[in-house]
Amino acid sequence: MDKYLIVGLGNVGSEYDMTRHNTGFMVLDAFAKASNIVFDDKRYGFVAETSLKGRKVLLLKPSTYMNLSGNAVRYWLNKENIDQERLLVISDDVALPLGDFRLKASGSNGGHNGLGHIQQLIGQNYARLRMGIGNDYAQGQQIDWVLGRFSDDELNELQPSIDTAVEIVKSFVLAGIDVTMNQYNKLGKRSKGAKQI
């Protein structure tokens, strides 16, 4: 059976719930809820399992804290013998406006500590879905921003993108990265008030 590892990045602990840096966790929580599955506390992270049309899907929320996320990713890839081409990592991104998202087959870490540590351990060749959290902060305030909680208005704006991210995960598993990028990346650029052509 083909296996896929879907990783949502975040920090464990109630003090980090609904913070911008935990957007990856939020996507996996939404996927688990829609699939009626629950996370179990396992080595290096919280893991849930489901299958899509005969393909096994492992959801992983690392419990290593963000800057050591690579430990959890490498461990579960090896433990389950999952090909790196079947890995998708979901992270927050201050370079994208709130509600935007971008799916890429590989690339740099963009200054994200979680992606940076994964890259140190397994390289750059893995798919990643970057969820925009905006960057409405003063110089030097980035840490406070990413560790701050979303407002209710922001959550309302983000929710459609979380719902879309759940569909992106399914498409990644069933159709592959190229088809999924072609289908969804054009939806990610949502300039306010402007119609997409």
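Right above here is the structure, for reference.
Criteria and thresholds
Residues numbered from 1 in each chain as written. Predicted model: local features only at pLDDT ≥ 70, side-chain atom pairs only at ≥ 80, totals over all residues. Heavy atoms only, no water. Helix = DSSP H or I, 4+ residues; strand = E, 2+ residues; numbered from the N terminus. Rg over C-alpha atoms; globule rule 2.2 N^0.38 Å. Buried < 20%, exposed > 50% of the residue type's maximum accessible area, 1.4 Å probe, protein only. Contact = heavy atoms within 4.5 Å. Areas by Shrake-Rupley, 256 points an atom, 1.4 Å probe, with all protein chains shown as cover. Lys, Arg positive; Asp, Glu negative; His and termini not counted. Charge placed at Lys NZ, Arg CZ, Asp CG, Glu CD. Axes fitted to C-alpha atoms, helices over the stretch in contact; angles between N-to-C directions. Parallel < 35°, antiparallel > 145°, perpendicular 65-115°, else oblique. Left-handed = near helix turned anticlockwise from the far one by under 90°. Nonpolar A, V, L, I, M, F, W, Y, C, P; charged D, E, K, R; others polar. Phe/Tyr/Trp six-rings, centres within 6.5 Å; stacked < 30°, edge-to-face > 60°. Salt bridge = Lys/Arg side-chain N within 4 Å of Asp/Glu carboxyl O. Pairing = 2+ DSSP bridges. Expected span 1.5 Å × (residues − 1). Bend = angle between axes of the 7 residues up to and from the residue.

Asker: How would you explain the overall build of the protein if you had to name every residue and give the values?
Answerer: A count of helices and strands for the protein gives six helices and seven strands. Of the regular secondary structure in the protein, the N- to C-terminal order runs β-α-β-β-β-α-β-β-α-β-α-α-α. In summary, the protein has a C-alpha radius of gyration of 16 Å against a globular reference of 16 Å for 197 residues, a match within 12%. Over its C-alpha atoms, taken along the principal directions, the protein stretches across nearly 45 × 40 × 30 Å. Within the protein, the proportion of its 197 residues that are buried is 50%. In the protein, once contacts between residues fewer than 6 apart in sequence are set aside, the share between residues at least 24 apart is 69%. When the accessible surface of the protein is summed, it comes to about 9,800 Å², and 46% of that surface belongs to carbon and sulfur atoms. Placing the 23 positive and 22 negative side-chain charges of the protein at their respective mean positions leaves the two points 6 Å apart.

Asker: Tell me about the packing of helix H2 (residues 69-79) against helix H3 (residues 113-122), residues and numbers included.
Answerer: Interhelical geometry of H2 versus H3 gives an angle of 45° and a closest axis separation of 7 Å. The angle between the axes of H2 and H3 places the two elements in the oblique class. For H2 against H3, the interelement crossing comes out right-handed. Contacts between H2 and H3 involve Ser69, Gly70, Asn71, Val73, Arg74 and Leu77 from the first element and Gly114, His117, Ile118, Leu121 and Ile122 from the second. Residue composition of the contact of H2 with H3, grouped by class: five nonpolar, five polar and one charged.

Asker: Explain the packing of aromatic side chains to me, using residue names and the numbers behind them.
Answerer: All told, the structure shown has five aromatic pairs when counted by the stated rule. Relative to Tyr65, the ring of Tyr16 has its centre 6.3 Å away and its plane inclined at 75°; by these criteria the two rings are edge-to-face. Taken together, the residues span a long stretch of sequence, with Tyr16 in the loop between strand S1 (3-8) and helix H1 (23-35) and Tyr65 in the loop between strand S4 (55-62) and H2 at a distance of 49 residues. Look at Tyr65 and you get partly exposed, because its relative accessible area is 40%.

Asker: A description of the pattern of salt bridges should follow, citing residues and the corresponding values.
Answerer: In total, this model carries nine salt bridges according to the counting rule given. Across the salt bridge formed by Arg20 and Glu154, the nearest N and O atoms sit 3.2 Å from each other. A residue pair is termed long-range when its members are at least 10 positions apart, and Arg20 in the loop between S1 and H1 and Glu154 in helix H5 (residues 152-175) qualify at 134 residues. Here Asp29 makes a salt bridge to Lys61, at a shortest N to O gap of 2.7 Å. Here Lys61 lies in strand S4 and Asp29 lies in helix H1, a separation of 32 residues in the sequence. Overall, Lys61 belongs to the buried group, its relative accessible area being 12%. Where salt bridges share partners, they join Lys3, Glu49, Lys56, Lys79 and Glu80 into one cluster.

Asker: Any details on the pairing of S4? Residues and values, ideally.
Answerer: Regular strands show a simple pattern: their side chains alternate between the two faces of the sheet. With respect to burial, S4 is a largely interior element, seven of its eight residues being buried. Sheet topology note: the S1/S4 ladder contains five bridges and is parallel. Within S4, the residue paired with Ile6 across the bridge is Leu59. As defined by bridge partners, strand S3 (residues 45-52) adjoins S4 across eight bridges and the pair is classed as antiparallel. Pairing of Val47 across the sheet is with Leu60, part of S4. Hairpin remark: S3 followed by S4, antiparallel, with two residues in the connecting loop; positive phi at Lys53, about 45°.

Asker: Tell me about H5, and name the residues and values.
Answerer: Because the α-helix completes a turn every 3.6 residues, residues three or four places apart line up on one side. Taking 1.5 Å per residue, 24 residues should reach 34 Å; H5 reaches 34 Å between its end C-alpha atoms and fits that length. Of all the bends in H5, the greatest reaches close to 35° and is centred on Leu158; the proline Pro160 follows between one and four positions later. Those residues of H5 lying buried are Glu154, Leu158, Ser161, Ile162, Ala165, Val166, Ile168, Val169, Ser171, Phe172 and Val173. Following H5 by one or two positions, Gly176 has its phi on the positive side, about 95°.

Any functional reading would require information that these geometric values do not contain.
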